[in-house]
Amino acid sequence: MKSKIPQTQSLLTHAKLRRPYLLLTGGTGLVGQYLLKDFLVQNQRIAVIVRPGKKLSAVKRIEAIMQRWEHHLGRCLPRPVVLCGNINQAGLGLSDVDQRWVLEYCYGILHNAAVLQFEGQSKLHEPWFTNLGGTENVLNAAKDWDIRHLHYVSTSYVCGKSDRVVQESELDVGQSFRNDYERSKFQAEKLVSQADHFDSKTIYRPAVIVGDSETGFTSTYHGMFLYLRIFATLVPAQQTDLNGIHQTPIQMPINGDEPRNLVPVDWVSSVICHLVSTEAAHNRTYHLVPDECSTARQFIDACCEYFHSGGVEFVGEDHPLDAKSKFAQLFLDSARVYEEYLTSDPIFDKSNVEKFAGHLHCPPIDAAMIKRFIKFGEENRWGKKRMAAPEASVWFDQQLDRLSAITTSIFANLPNVDLTGSGEDRVEVGLNVLGQGGGQWTLTQNERGEFSCRVGLPAVGQPTLQIESSRLASLMDEIEQLGQVTAGQPWDLLTEKIEAAITLSRA
Ligand SMILES: NC(=O)c1ccc[n+]([C@@H]2O[C@H](COP(=O)([O-])OP(=O)(O)OC[C@H]3O[C@@H](n4cnc5c(N)ncnc54)[C@H](OP(=O)(O)O)[C@@H]3O)[C@@H](O)[C@H]2O)c1
């Protein structure tokens, strides 16, 4: 039976109170990794649908990403709930148990997964399969799971080839497209716009996404990074002149100052995260585009400084293409996939972004930032460096019986932890274990005093204990060494430590 919504509550608040998780797709991708970090830093409850990798399970893929963030930020983070799935399958490939979990726990979905391949053999292949078919599956699954709030990551380039100002409110204006990626994302956004089973639908259209504005990080090497990689690969082999400058003779068929809509991934994620968290901003479309466009000249100048090279000439569109030098041939061949984007880029209106996220300034891409991208690419061997496998002294999700037993002892012996308000005939407590091997669970004590443990934190407002995984692991060892503990015995010695390690919140 559906609960009645109090007049003072919006549909979203009502949904979130009962089902506190936002379901994310594409959490292992470039944008998704930042979204995960940005939401989890704010303690938002996130569940993520992930495919298992060749070597790592879905859980371990996400754990590796979380550990990279923790290393970078120097602090422990909560873990998302990881659901093993694939958006190309009905029900997003989730097990029956996981589908029931989503039905019970998730108020909304942020659909961000896609395939960024430009051309496909047919509509039965990528990028259609995932971008259009996967989005259709997401919409159907959301309906089945009664998820009423949709956030969808599209692309600015659903506008196709356009030389006018593109409005956030427009989609289908009879445009033509450069490739199947644009076509498939356009069709997918149309499906989203036609879906009528949502209370809110919010669409994010980023321009071309580059690396992290501060660290240069990327996990994909297409677009701008492809050009940088080609430069980095080809330049060292070029002869040097008397001044030690590598000669890179090439005539580029552009004037070099054409505006390019490039945006750093950290900004894209921070804006999406802010807009998802701002209810008044929902039900709109957002052009996540830069305030100041970049130019090819800026990139070439930064590359020439970085690699001590010279010889690139901007000769304009009408000049016959000169690919006489070996360098020019290799460069133009390698970058042919982006040829269509060389000469024109639309102007995007971004009124909605300015209105609802105008305080989040898009960092301009300057020479120093471009050099950070190159440096990161080199250190990362242009994507060939393996990500470190995740480590944990305890994988808590594999030790749920032990976890239940230990927390049972903790609850029974912590008089200062006030668990009132968590139910009349049962006690329900969230356990948010931050850091390596951590996770989120709800521990329930029934009227017979028996404890059970299930995945996910309880509804907002219920008591939740938060603890870092390393501290919980050592407490578990100590408690287990004490054996069957009773109040007033050696347990007292531990009580203080536990109280110091655990934070109780109802957020
Ligand atoms: N990058 C850009 O320049 C750009 C610009 C505008 C818009 N966008 C949009 O932004 C979103 C994120 O792009 P991105 O750059 O982060 O892409 P990305 O790095 O290539 O990541 C794609 C993500 O989608 C997931 N995915 C693909 N197929 C899947 C499937 N069948 N089931 C489950 N997950 C699947 C991938 O999972 P695996 O790790 O398992 O492969 C990965 O997590 C996309 O919607 C894209 O269209 C990107």
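These remarks concern the structure in this document. (Residues numbered from 1 in each chain as written. Predicted model: local features only at pLDDT ≥ 70, side-chain atom pairs only at ≥ 80, totals over all residues. Heavy atoms only, no water.)

Examining the environment of Asn 112
Step number 1: Note that Asn 112 resides in the loop between strand S4 (106-111) and helix H5 (128-144).
Step number 2: Residue Asn 112 is classed as buried on the basis of its relative accessible area, which comes to 10%.
Step number 3: C-alpha separation for the pair Asn 112 and His 125, spaced 13 residues apart in sequence, amounts to 19 Å.
Step number 4: Excluding anything up to four places from it in sequence, Asn 112 contacts Leu 24, Thr 25, Gly 26, Val 31, Gly 32, Leu 35 and Val 153. (Helix = DSSP H or I, 4+ residues; strand = E, 2+ residues; numbered from the N terminus. Buried < 20%, exposed > 50% of the residue type's maximum accessible area, 1.4 Å probe, protein only. Contact = heavy atoms within 4.5 Å.)

Let's talk about the packing of aromatic side chains
Step number 1: Under the definition given, this model contains 22 aromatic pairs.
Step number 2: Each ring, one from Tyr 286 and one from Phe 356, has its centre 6.3 Å from the other, and the planes form 85 degrees; the classification is edge-to-face. Pair noted here: Tyr 286 is in strand S11 (residues 285-288) and Phe 356 is in helix H11 (residues 351-357), with a separation of 70 residues, a long-range link. Across the pair, Phe 356 and Tyr 286 agree in class, each one buried.
Step number 3: Counting every residue linked through ring pairs, the aromatic cluster contains Tyr 227, Phe 231, Tyr 306, Phe 307, Phe 327 and Phe 331.
Step number 4: In this arrangement the basic side chain of Arg 68 is found over the ring face of Trp 69, its NZ or CZ atom lying 4.5 Å from the centre.
Step number 5: Arg 68 extends its terminal NZ or CZ atom over the ring of Phe 217, reaching a point 3.8 Å from the ring centre. (Phe/Tyr/Trp six-rings, centres within 6.5 Å; stacked < 30°, edge-to-face > 60°. Lys NZ or Arg CZ within 6 Å of the ring centre and 35° of its normal.)

Things to note about the pairing of strand S15 (residues 439-445)
Step number 1: By the criterion of burial, S15 is predominantly enclosed, with six of the seven residues buried.
Step number 2: Bridge count for strand S14 (residues 427-434) against S15 is seven bridges, and the pairing is antiparallel. Residue pairing for S15: Val 427 is matched across the bridge by Gln 445.
Step number 3: The turn joining S14 and S15, which pair antiparallel and follow one another in sequence, is formed by four residues; a positive phi near 90 degrees is taken by Gly 435.
Step number 4: In the sheet, S15 pairs with strand S16 (residues 451-455) via five bridges, with the strands oriented antiparallel. Opposite Thr 444, over in S16, you have Ser 452 as the bridge partner.
Step number 5: Here S15 folds back onto S16 in antiparallel fashion, the turn holding five residues, of which Gly 449 has a positive phi close to 85 degrees. (Pairing = 2+ DSSP bridges.)

What about the sheet that holds S15?
Step number 1: The five strands lie next to each other as S16-S15-S14-S17-S18, forming an open sheet whose pairing is mixed. Edge positions in the open sheet fall to S16 and strand S18 (503-505), since each of these has one partner strand only. Adjacent strand axes in the sheet meet at a mean angle of 25 degrees when their direction is disregarded.
Step number 2: Sheet strands in contact with helix H14 (residues 469-482) are S14 and strand S17 (464-468), and its direction is about 90 degrees off that of S17. (Axes fitted to C-alpha atoms, helices over the stretch in contact; angles between N-to-C directions.)

Focus: the sheet that holds strand S2 (residues 46-50)
Step number 1: Read from one edge of the open sheet, seven strands run S3-S2-S1-S4-S5-S7-S11, paired in parallel fashion. Each edge of the open sheet is held by one strand with a lone partner, namely strand S3 (81-84) and S11. Strand-to-strand, the axes of this sheet are offset by a mean angle of 20 degrees, without reference to chain direction.
Step number 2: Across four bridges, S4 lies against strand S5 (residues 149-153) in parallel orientation. Residue pairing across strands places His 111 opposite Tyr 152, the latter belonging to S5.
Step number 3: Packed onto the sheet, H5 meets S4 and S5 and runs at close to 170 degrees relative to S4.

A look at the state of the cysteines
Step number 1: If you walk through the whole model with that rule in mind, you get zero disulfides.
Step number 2: The thiol of Cys 84 is unpaired, and the distance to the nearest cysteine sulfur, on Cys 106, comes to 15 Å.
Step number 3: Cysteine Cys 303 shares no disulfide, and the gap to the nearest cysteine sulfur, in Cys 304, comes to 6.9 Å.
Step number 4: Accessibility expressed as a relative area gives 3% for Cys 303, which makes it buried. (Disulfide = S-S within 2.5 Å.)

Description of the packing of H5 against helix H6 (residues 180-194)
Step number 1: Put simply, H5 and H6 touch, their axes get as near as 8 Å, and they point 10 degrees apart. Considering their axes alone, H5 and H6 lie roughly parallel with respect to each other. Only Asp 180, Tyr 181, Arg 183, Ser 184, Lys 185, Gln 187, Ala 188, Leu 191 and Val 192 of H6 make contact with H5, whose side of the interface consists of Trp 128, Asn 131, Leu 132, Thr 135, Glu 136 and Leu 139.
Step number 2: Each residue belonging to the contact of H5 with H6 can be placed in one class, and the counts come to seven nonpolar, four polar and four charged. (Parallel < 35°, antiparallel > 145°, perpendicular 65-115°, else oblique. Nonpolar A, V, L, I, M, F, W, Y, C, P; charged D, E, K, R; others polar.)

With respect to helix H2 (residues 30-41)
Step number 1: Compared with the 16 Å implied by 1.5 Å per residue over twelve residues, the 17 Å span of H2 between its first and last C-alpha is a close match.
Step number 2: Of all twelve residues in H2, eleven are buried; the element is thus mostly enclosed.
Step number 3: When we look at burial in H2, the residues that qualify are Leu 30, Val 31, Gly 32, Gln 33, Tyr 34, Leu 35, Leu 36, Lys 37, Asp 38, Phe 39 and Leu 40.
Step number 4: Looking at the buried positions of H2, the neighbouring elements they touch are strand S1 (21-25), S2, helix H3 (58-73), S4, strand S8 (208-210) and helix H8 (265-276).
Step number 5: At the C-terminal side of H2, Asn 43 shows a positive phi close to 60 degrees. (Expected span 1.5 Å × (residues − 1).)

Observations concerning the layout of surface pockets
Step number 1: Its volume calculated, the second largest pocket comes out at about 330 Å³.
Step number 2: Around the second largest pocket, the lining is made up of 19 residues, and of these Val 59, Pro 80, Val 81, Val 82 and Asp 397 lie nearest the centre.
Step number 3: Elements with a contribution of two residues or more to the lining of the second largest pocket: H3, S3, helix H4 (96-105) and S15.
Step number 4: When grouped by side-chain class, the residues that make up the lining of the second largest pocket number eleven nonpolar, four polar and four charged.
Step number 5: Looking at which domains feed residues into the lining of the second largest pocket, each of domain 1 (11-383) and domain 2 (396-505) gives three or more. (1 Å grid on protein atoms, 1.4 Å probe; cavity = no way out; pocket = protein on both sides within 12 Å on 5 of 7 lines; lining within 4 Å. Points joined across faces, edges and corners; volume = space filled by probe spheres on them. Domains from an automatic or database assignment.)

Purely geometric stuff here, so don't read any function into it on its own.
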